[in-house]
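# An overview of the molecular structure
Single-letter residue listing:
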Amino acid sequence: MPKVIFVLHDGTSIDVDANNGESVMQAAVNNMVDGIVAECGGCQSCATCHVYIDEAWRDAVGDPSSDEKAMLELAIDPNDSSRLSCQITLSDDLDGLIIKVPAAQF
C-alpha cells in the first residue's frame with residue numbers, strides 16, 4: 001500500500017495511504033485533498049488534477065505521454081515537473097511519493 005504525500009500551497013502536508021493500481025488523482029479525491037478537483041474523473045480531458053512531482057520522484061514517475069503534454073498546456077503555471085495526477089498509477093515502487101498541488105488550484 002503506497003503512501004502519497006500531498007503538499008498544499010501553504011506548506012501543509014497530507015499523508016494518504018493509497019491502493020496499488022489507483023491513480024494519484026483517485027487517491028486525492030478519495031481523501032478529499034484540496035486543490036485536486038478532477039472534473040473529468042480521470043479521462044485526461046481537463047487539467048483540474050494538475051500537480052507538480054517532487055524533484056526526487058520525477059524519474060520514478062516518468063514523463064507524460066504526448067496526449068498528456070498537450071493537456072498540460074491548458075493547465076495554469078505548468079513546468080517541467082507538471083503531470084496530470086489521473087495519469088500516474090500508484091504501486092509500491094512509488095511509496096512515499098511527494099506531490100505538490102499548484103497554488104493556482106485553490
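Going by the structure above, here's the rest.
First, a word on what this report is: a plain description of the structure on this page. (Residues numbered from 1 in each chain as written. Predicted model: local features only at pLDDT ≥ 70, side-chain atom pairs only at ≥ 80, totals over all residues. Heavy atoms only, no water.)

Looking now at the pairing of strand β5 (residues 97–100). Of the two faces of β5, only the one carrying L97 and I99 is buried; I98 and K100 on the other face are not. Of the pairings in the sheet, the one linking strand β1 (residues 3–7) to β5 comprises four bridges and is parallel in character. If you follow V4 over to β5, its bridge partner there is L97. Two elements, strand β3 (residues 50–53) and β5, share two bridges in a ladder whose sense is antiparallel. Within β5, the residue paired with I53 across the bridge is I99. (Buried < 20%, exposed > 50% of the residue type's maximum accessible area, 1.4 Å probe, protein only. Helix = DSSP H or I, 4+ residues; strand = E, 2+ residues; numbered from the N terminus. Pairing = 2+ DSSP bridges.)

What follows is about unusual backbone geometry. A positive phi angle, near 50°, is found at M32, a position not held by glycine. One non-glycine residue with positive phi stands out, namely Q44, at about 60°. Accessibility expressed as a relative area gives 17% for Q44, which makes it buried.

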